[in-house]
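Residue-level listing of the chains:
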Amino acid sequence: MTYGDGVVKSRTAREKADDGYVPSARRIERERFKRARARRATAVAALSTLVTGAVLFLVITRSPGWPRTRETFFSLEYARMALPKVLDGLLLNLRLLVVCGAAVLVLGLLLAVARTLRGPVFFPLRALAAAYTDFFRGLPLIICLLMVVFGVPALRLQGVTTDPVLLGGSALVLTYSAYVAEVFRAGIESVHPSQRAAARSLGLSGGQALRFVVLPQAVRRVVPPLLNDLVSLQKDTGLVSIAGAVDAVYAAQIIAGKDFNFTPYVVAGLVFVALTIPMTRCTDWITARMDRRRAQGGLV
């Protein structure tokens, strides 16, 4: 018998032993204890949730002003009346999310690249990009919206739109691109300098190293915070209602202003929550997936 035949036979013997493996009594007991502990933890969590919900329900419904609050904020009649109009206005919010989200990603990436350019010749570009991000990150979004929506038409410039939807979307892009630029910049700077040096040693230019080596790694690393910014953008699209654009929030405001019943606002809020939760869960799933791959060495 050759050495190779002995190796094959020993491997076959091990495989047969693995197929016939019988766990020990101690292992079986340990697994049973783990399952019992998991069931007990689930039961305790469910019971505590039910008790907390019951206590909150009793505290709210037994309060002196609950009947009036229920009529003003949780009227089924007004909810049925407001839901179709709120959903019609929600289409505008979704269009703003898609268009402004794409513009924010492009402008934010350009700003981040401008801030990471090297060499004294690019100093004016770096300074302008830094001033832009510092200004719009510090300026409250509501003030930016008011300045753009009411200030731009006041200039009476030829060829400049006065559409409140376009002006409100521009204000959103100006503000959120500053935040996204810092996210991209953090991702670019997190790539080790050896990656750029290795690319240059292979004959790539500085721009090619940035495009083909640095940016792919940087973008992949900052996907979770980018998705969080998009979730915030989805909520803030409702602020364009201050310009008179009929979105979900303004549609609710019109209905609420007729009879001073605020149920339409609750309906609009629940619609935004229904949109935000799937995006948030998707962000959590992507983050957990990237963490697992990074722990296994699957991401650079």
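Given the structure is predicted, the values throughout are model-derived calculations rather than measurements.

So, how was this worked out
- Residues numbered from 1 in each chain as written.
- Predicted model: local features only at pLDDT ≥ 70, side-chain atom pairs only at ≥ 80, totals over all residues.
- Heavy atoms only, no water.
- Core = buried A, V, L, I, M, F, W, Y, C linked by side-chain atoms within 4.5 Å.
- Buried < 20%, exposed > 50% of the residue type's maximum accessible area, 1.4 Å probe, protein only.
- Helix = DSSP H or I, 4+ residues; strand = E, 2+ residues; numbered from the N terminus.
- Salt bridge = Lys/Arg side-chain N within 4 Å of Asp/Glu carboxyl O.
- Contact = heavy atoms within 4.5 Å.

### Some remarks on the nonpolar core
Among the nonpolar cores identified, the biggest contains 40 residues, and Phe136, Cys144, Phe184, Ile188, Leu226 and Leu233 are the most heavily contacted of them. Residue assignment for this core shows that the elements contributing at least two residues are α4 (76–116), α5 (123–138), α6 (141–155), α7 (164–190), α9 (206–221) and α10 (223–236). Ranked by the residues each element gives to this core, the list is headed by α7, at 11 residues. Residues Ala82, Val86, Leu90 and Ala268 belong to the second largest nonpolar core, which totals 10 residues.

### With respect to the pattern of salt bridges
Charged atoms that come close allow side chains of opposite charge to pair. In this structure the tally under the stated criterion is 7 salt bridges. Here Arg32 makes a salt bridge to Glu29, at a shortest N to O gap of 2.7 Å. You can see Arg32 and its partner Glu29 sitting in helix α2 (residues 25–61), 3 residues apart, about one turn around the helix. Residue classification places Arg32 among the partly exposed positions, given a relative accessible area of 42%.

### A closer look at the side chain of Thr237
Summarising the element assignment, Thr237 is placed in the loop between α10 and α11 (248–259). Residues within four places of Thr237 in sequence aside, it is in contact with Asn93, Leu96, Leu97, Leu172, Asp247 and Phe272.

By themselves these figures say nothing about function.
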